[in-house]
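# Structure assessment
Each chain, letter by letter, is given below.
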Amino acid sequence: MKKQELIDKVTTVFQERFNQTPALFFSPGRINLIGGHTDYNEGFVLPAAIDKGIVVGIQKNDKDHCLAYALDMDEQADFRIDEIAPIENGHWKNYVLGVVAETAQKHSIETNFNLVFAGNIPLEAGLSSSAALENSIAFGLNELFGLGMTREEMIFVSQKAEHKYAKVNCGIMDQYASMFGEKNAAILLDCRSLESTVFNIDFKGYTLLLVNSHVKHQLAETAYNQRREVCEKIAKMFGVKALRDISEADLSKVKDKLSTEDYQKALYVIQENERVVEASKAISTNDIQALGELLYASHEGLQHQYKVSCEELDFLVNATKENEAIAGTRMMGGGFGGCTINIIKQTAVAAFKEEITPLYQEKFNKTPSFYDVQISNGVSKIATTINS
Ligand code: GLA
């Protein structure tokens, strides 16, 4: 669905359901060119916001509770701001409740409110629909109640909601990219200082194509949190804050104190951080081949060292290696499913889709989906054009 259709739909449903005209906000999902699992190690990432995301409509009400309607799921939740607690794992309500609770801890939300949200971003595809939802609500509450939060404060509210309510101990990349995205640019983000450098993306004949494996891994959250724990444990051994502070040479000194698995995970993080910096250089010199090689190397590491890939993603990456029109490919996001990101010649996209679809179907009995990526701006208020 196009963004404008989504905006119209949320507006209409809001008016029908609550008899009010909402304030509207759009919050995008994100891609990440390179830098998998480096953010919570206070390292570097190279993400960008995309043109797909979440639209939220929000308006004050005079009831004694708040109402949140998830349009795509056709489900409504009611809650009282001062009585919020996380509910069963995996439920969409946790994102809403988490952001409201975290906001209310620091700012006074003076009345109850109604909220409707819907998205055109595929769920559990590694495109951060959850960060998009969190940010949209933080931004909406901030505007509606004039809370004076900065964008930076809002991303930390969103991240805390993810930690405490969705129970995923994520880094800051997704919330940052969704909030601060810039049109046609990838952002080299230092996840420790939040310093960023913007790189214009003009791949001269190449484009970014996402391939959705349609694999959703049940235990992804647990596996994600476990990896973060391993990284933190090793950083602690060195008495430093994060793996960001350790070099390959440092790591090799404690090799015999670590299991092979843990050693490889830490090594991956150190090497991936270096790849991100290299990738930003390749973008600035327009060296698409070098950038592509770095993506392949990133995937190798995620597959064999960090072990967050899956058979389907590996297949989708390997299938591109002989294709001269594809410079590089890797899995993207938390892992165990979701999308691969491909740097591919514009003229070769149609043929690639035709070639990979039957191969993937035959092997996994599933049909992949394809998304052309438009790199877009971060969260914004939508000018309301429809009158009630
Ligand atoms: C998820 C998390 C991010 C990041 C990526 C992996 O998307 O939310 O913080 O760790 O996985 O790079």
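Details of the structure are given in the entry above.
To start, this report covers the structure provided alongside it. This is a predicted model, so every value here is computed, not measured.

Criteria and thresholds
- Residues numbered from 1 in each chain as written.
- Predicted model: local features only at pLDDT ≥ 70, side-chain atom pairs only at ≥ 80, totals over all residues.
- Heavy atoms only, no water.
- Helix = DSSP H or I, 4+ residues; strand = E, 2+ residues; numbered from the N terminus.
- Contact = heavy atoms within 4.5 Å.
- Expected span 1.5 Å × (residues − 1).
- Buried < 20%, exposed > 50% of the residue type's maximum accessible area, 1.4 Å probe, protein only.
- Polar contact = N/O pair within 3.5 Å; in protein donor to acceptor, adjacent residues only side chain to side chain.
- Pairing = 2+ DSSP bridges.
- Salt bridge = Lys/Arg side-chain N within 4 Å of Asp/Glu carboxyl O.
- Core = buried A, V, L, I, M, F, W, Y, C linked by side-chain atoms within 4.5 Å.
- Domains from an automatic or database assignment.
- Axes fitted to C-alpha atoms, helices over the stretch in contact; angles between N-to-C directions.
- Parallel < 35°, antiparallel > 145°, perpendicular 65-115°, else oblique.
- Left-handed = near helix turned anticlockwise from the far one by under 90°.
- Nonpolar A, V, L, I, M, F, W, Y, C, P; charged D, E, K, R; others polar.

### Focus on the environment of Ala 138
Of note, Ala 138 is situated in helix α3 (residues 129-144). Taking C-alpha positions, Ala 138 is 38 Å from Ala 327, a pair spaced 189 residues apart along the chain. With residues up to four places along the chain from it excluded, the contact list for Ala 138 reads Val 99, Met 149, Met 154, Val 157 and Ser 158.

### Description of helix α9 (residues 288-305)
Under the 1.5 Å per step criterion, the end-to-end length of α9 is 25 Å for 18 residues, consistent within 8% with the ideal 26 Å. Where α9 is concerned, the buried positions are Ile 288, Leu 291, Gly 292, Leu 294, Leu 295, Tyr 296, Ser 298, His 299, Gly 301, Leu 302 and Gln 305. Contacts from the buried residues of α9 go to β9 (206-212), α8 (260-284), α10 (311-318), β10 (326-331) and β11 (339-345).

### Considerations on the side chain of Thr 357
With respect to the helices and strands, the residue Thr 357 is situated in helix α11 (residues 349-364). We classify Thr 357 as buried; its relative accessible area is 16%. A distance of 2.6 Å separates a polar atom in the side chain of Thr 357 from the backbone oxygen of Lys 353. Setting aside residues up to four positions removed in sequence, Thr 357 forms contacts with Thr 367, Pro 368 and Phe 370.

### Some remarks on the sheet that holds strand β8 (residues 196-200)
Taken together, three strands build an open sheet; the order of strands is β2-β7-β8 and the sheet is antiparallel. With one partner strand each, in any of the chains shown, β2 (44-45) and β8 form the two edges of the open sheet. Relative to strand β7 (residues 185-190), β2 runs antiparallel, the two sharing two bridges. Looking across to β7, one finds that Val 45 is bridged to Leu 189.

### Some points on the pattern of salt bridges
In the structure shown here, the tally under the stated rule is 17 salt bridges. Of the charged contacts in the structure, one is a salt bridge between Asp 262 and Lys 233, with a shortest N-O distance of 2.7 Å. Of this pair, Asp 262 sits in helix α8 while Lys 233 sits in helix α6 (residues 220-237), and the two are 29 residues apart along the sequence. A relative accessible area of 43% means that Lys 233 is categorised as partly exposed. Among the ionic pairs, Glu 300 bridges to Lys 321, the shortest N-O distance being 3.7 Å. Here Lys 321 lies in the loop between α10 and β10 and Glu 300 lies in helix α9, a separation of 21 residues in the sequence.

### Regarding α6
Along its 18 residues, α6 runs 26 Å from first to last C-alpha, staying within 8% of the 26 Å computed at 1.5 Å per residue. Among the residues of α6, those classed as buried are Ala 220, Ala 223, Tyr 224, Asn 225, Arg 227, Arg 228, Val 230, Cys 231, Ile 234 and Ala 235.

### Things to note about the nonpolar core
Formed by 83 residues in total, the largest nonpolar core has its most connected members in Ile 31, Leu 46, Val 100 and Phe 113. Here this core gets seven residues from one element, more than from any other, and that element is α3. Taken domain by domain, the makeup of this core includes at least three residues from each of domain 1 (3-198 + 376-381) and domain 2 (201-372). Here Leu 46 is in contact with Asn 32, Leu 33, Ile 34, Ala 186, Ile 187, Leu 188, Phe 199, Val 276, Ala 279, Ser 280 and Ile 283, once residues within four sequence places are set aside.

### Here we look at the packing of α9 against α10
Interaxial distance between α9 and α10 falls to 11 Å at its minimum, and their mutual angle equals 155 degrees. Between α9 and α10, the crossing angle belongs to the class labelled roughly antiparallel. Seen along the crossing, α9 lies across α10 with a hand that is left-handed. Note on element contacts: α10 touches α9 through Leu 313, Asp 314 and Val 317, opposite Tyr 296, His 299 and Gln 303. Taken together, the residues of the contact of α9 with α10 sort by class into three nonpolar, two polar and one charged.

### Considerations on the environment of Gly 57
Looking at the secondary structure, you find Gly 57 in strand β3 (residues 47-60). With a relative accessible area of 0%, Gly 57 lands in the buried category. Separated by 199 residues in the primary sequence, Gly 57 and Asp 256 place their C-alpha atoms 55 Å from one another. Filtering out sequence-adjacent residues up to four positions away, Gly 57 remains in contact with Val 10, Phe 14, Pro 22, Ala 23, Leu 24, Asn 114, Leu 115 and Val 116.

### Considerations on the sheet that holds β10
Reading across the sheet, the four strands line up as β10-β11-β9-β12 and stay open at both edges, with antiparallel pairing between neighbours. Edge positions in the sheet fall to β10 and β12 (369-372), since each of these pairs with one other strand and no more. Taking each pair of neighbouring strands and ignoring which way they run, the sheet shows an average axis angle of 20 degrees. Inspection of the sheet shows β10 paired to β11 by five bridges, in the antiparallel sense. In the sheet register, Met 331 faces β11, and the bridge partner there is Thr 340.

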